[in-house]
Amino acid sequence: MKNVVKCLKMSLKYIDIGANLTDPMFRGLYGGSQKHQDDLELVLKRSWTQGLQKMIITVGTLNEADEALSLAQKDDRLYITMGCHPTRCGEFLPNPEQYYEGLKAKINQNSSKIIAIGECGLDYDRLHFCEKETQKTYFEKQLSLAEEFRLPLFLHCRNSHDDFIEILRRNKSKLDSCGGGVVHSFTGTLEEAQDVIDFHPNLYIGLNGCSLKTEENLNVVRQLPNDRILLETDCPWCGIRPSHAGQKFVQTKFPTVKKKEKWTAESLIDGRCEPCQISQVLEVIAGVKQENVESLADVFYKNTIKIFFSKEK
């Protein structure tokens, strides 16, 4: 616990731009089976204690919106995205306009809580969930949503960079109108990151544990400009595992139980990432870049405020 105390004394401030807080794991459910009690409130308490100032809850389908909104409305520090994940874009097909109007209605009714459009984009690793042309059609459709409401984009790109960047390029005016966004959970090459950065001055790169798995990943992160990086956890996924290349730079350790059935109120569960672990993401980036943790935390925090919270009074 010494490292945790040290981190707290530095009073670092974080914003997690991608937290899947509606995932059943935070209710103690794994594969439909109750393994421990609902501990979302404890997860949130750990997050605030660790220095998180705000969190953006990721919405991946219209059907998830109400649960995410209900959660966000309970705390001024919680916000949400609104959109359709590429693997779920088949949900548009029965009635595309009705689905689109459903997204618009949620945004109109909850403008103080919905601060980004997404998660939207392309995912060619999981075409068994949604075929390529459907993904492309409704990714582009959601860019119109961002333009209409002038909300930044929360973007997803997996094994699809060429089509992804081509769609963004032909919709540059929409990016200008909505103010940009972030390509979250980035795991691509340096050339792909450079494409994103060069394309638009307000497009950022979101980094989490999945961005820090391999030495190749670390080499990309080392060369990213600090003023274009945002921090996230993508919890309960994308934790930094012992086998990951970035693990050697982790300083903050949390009490952890190996088996979910051994749950305690004070411990994290091995394999279930929590928002509080955003401090570890920062530590790995600082270690890779050989830069000061406090200075980087401040830069990344200000980046996030600029793209997602600059409209706040």
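Quick summary incoming for the structure in this document. Please read all numbers here as calculations on a predicted model, not as lab measurements. (Residues numbered from 1 in each chain as written. Predicted model: local features only at pLDDT ≥ 70, side-chain atom pairs only at ≥ 80, totals over all residues. Heavy atoms only, no water.)

## So, the environment of T61
Here T61 is to be found in the loop between β4 (52-57) and α3 (65-72). For T61 and C84, which are 23 residues apart along the polypeptide, the C-alpha to C-alpha distance reads 4.5 Å. Excluding anything up to four places from it in sequence, T61 contacts G83, C84, R88, E91 and Y99. (Helix = DSSP H or I, 4+ residues; strand = E, 2+ residues; numbered from the N terminus. Contact = heavy atoms within 4.5 Å.)

## Thoughts on the pattern of salt bridges
If you walk through the whole model with that rule in mind, you get 22 salt bridges. The closest approach of N and O atoms between E166 and R170, which form a salt bridge, is 2.3 Å. With E166 and R170 both in helix α6 (residues 161-170) and four residues apart, the pair spans about one turn of that helix. Given a relative accessible area of 46%, R170 falls into the partly exposed group. K248 serves as the salt-bridge partner of E215, at 2.9 Å between the closest nitrogen and oxygen. (Salt bridge = Lys/Arg side-chain N within 4 Å of Asp/Glu carboxyl O. Buried < 20%, exposed > 50% of the residue type's maximum accessible area, 1.4 Å probe, protein only.)

## Regarding the sheet that holds strand β1 (residues 14-19)
On the basis of which strands lie adjacent, the open sheet formed by eight strands has the order β1-β4-β5-β6-β7-β8-β9-β10 and parallel pairing. Strand pairing shows two members of the sheet lacking a second neighbour, β1 and β10 (229-231), which therefore form its edges. For this sheet, the mean angle separating the axes of adjacent strands, direction not counted, is 30 degrees. Here strand β9 (residues 203-207) runs beside β10; their pairing, made up of three bridges, is parallel. (Pairing = 2+ DSSP bridges. Axes fitted to C-alpha atoms, helices over the stretch in contact; angles between N-to-C directions.)

## Details of the state of the cysteines
This model, assessed by the stated rule, comprises zero disulfides. There is no disulfide at C276, and the cysteine sulfur nearest it, in C273, is 7.7 Å away. Residue C276 is classed as buried on the basis of its relative accessible area, which comes to 0%. (Disulfide = S-S within 2.5 Å.)

## Things to note about the pairing of strand β5 (residues 78-82)
On a regular strand, one side chain projects to one face of the sheet and the next to the other, so that they alternate. With five of five residues buried, β5 lies mostly within the body of the structure. Pairing analysis gives three bridges linking β4 to β5, with the strands arranged parallel. For I57, the partnering residue across the bridge sits in β5 and is I80. Bridge count between β5 and strand β6 (residues 114-123): three bridges; the pairing is parallel. In the strand pairing of β6, M82 is matched with I117.

## So, the packing of α6 against helix α8 (residues 190-199)
The contact between α6 and α8 brings their axes to 11 Å, and the two run at 5 degrees. Judged on the interaxial angle alone, α8 and α6 are roughly parallel. In this structure, α6 uses H161, I165, L168 and R169 to contact α8, whose residues at the interface are E192, D195, V196 and F199. Class assignment of the residues belonging to the contact of α6 with α8 gives a composition of four nonpolar, one polar and three charged. (Parallel < 35°, antiparallel > 145°, perpendicular 65-115°, else oblique. Nonpolar A, V, L, I, M, F, W, Y, C, P; charged D, E, K, R; others polar.)

The values are spatial; any link to function lies outside them.
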